[in-house]
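# Remarks on the overall topology
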Amino acid sequence: MEVKKEIRIEEKQGNITLKNRKEAFITGVVEVIRFNEEQIRLNTNQGPLIIKGENLKMNKLDVHNGEVNIMGKIDSIVYTGSKKTNESLMTKLFK
């Protein structure tokens, strides 16, 4: 008799906490794409995310737990696309 096991991969929640436009705590971060003092681009489990502002710094980056703490003057936080989990490299190249 064959026993089937069902494996479920739970997706971590993605949350953004913003304090006085000076500090953002973000969870659900998959990777940091690029960053400088005016813009930080992240890939999250909810899709690509762009944070814009002035004097932005990443005080805490915990890739294992998917957490980022950002300090500076935060002007905007925007999700830039839909959530895509199984996008191949070829699909990304030919957009």
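A brief look at the structure comes next. (Residues numbered from 1 in each chain as written. Predicted model: local features only at pLDDT ≥ 70, side-chain atom pairs only at ≥ 80, totals over all residues. Heavy atoms only, no water.)

### Details of the pairing of strand 6 (residues 67-79)
What counts, and what does not: Here, any two strands with at least 2 DSSP bridges between them count as paired. Helix and strand labels come from DSSP, where a helix needs a run of H or I of at least four residues and a strand needs a run of E of at least two; each type is numbered from the N terminus.
Here strand 2 (residues 23-27) pairs with strand 6 via 5 bridges, running antiparallel. The residue bridging Phe25 from the neighbouring strand is Asn69, located in strand 6. Two elements, strand 5 (residues 47-62) and strand 6, share 11 bridges in a ladder whose sense is antiparallel. Pairing of Leu49 across the sheet is with Tyr79, part of strand 6. Hairpin remark: strand 5 followed by strand 6, antiparallel, with 4 residues in the connecting loop; positive phi at Gly66, about 70 degrees.

### A word on the pairing of strand 1 (residues 16-19)
Bridge count for strand 1 against strand 2 is 4 bridges, and the pairing is antiparallel. Counted as the bridge partner of Ile16 is Ile26 from strand 2. The turn joining strand 1 and strand 2, which pair antiparallel and follow one another in sequence, is formed by 3 residues; a positive phi near 50 degrees is taken by Asn20.

### Brief notes about the pattern of salt bridges
Applied cut-off: For this analysis, a salt bridge means a side-chain nitrogen from Lys or Arg found within 4 Å of a carboxyl oxygen belonging to Asp or Glu. Each residue gets one of three labels from its accessible area relative to the maximum for its type: buried under 20%, exposed over 50%, partly exposed in between, using a 1.4 Å probe on protein chains only.
For the structure on display, the rule yields 3 salt bridges. Lys60 is the salt-bridge partner of Glu67, the closest N and O atoms lying 3.1 Å from each other. By relative accessible area, which is 37% here, Lys60 ends up partly exposed. When the shortest N-O distance is used, the salt bridge between Asp75 and Lys73 registers 2.8 Å. Each member of the salt-bridge network shares a partner with another, and the members are Arg21, Lys73 and Asp75.

### Brief notes about the sheet that holds strand 3 (residues 29-35)
Two modes of strand pairing occur in sheets, parallel and antiparallel, and in both the strands are linked by backbone hydrogen bonds. For the record, the criterion: Helix axes use the C-alpha atoms of the stretch in contact, all axes being lines fitted to C-alpha atoms, and the angles between their N-to-C directions lie in the range 0 to 180 degrees.
Strand order in the open sheet made by the 6 strands is 1-2-6-5-4-3, with antiparallel pairing throughout. Of all strands in the sheet, those with a lone pairing partner are strand 1 and strand 3, marking the two edges. Taking each pair of neighbouring strands and ignoring which way they run, the sheet shows an average axis angle of 45 degrees.

By themselves, these are just geometric observations and shouldn't be taken as functional.
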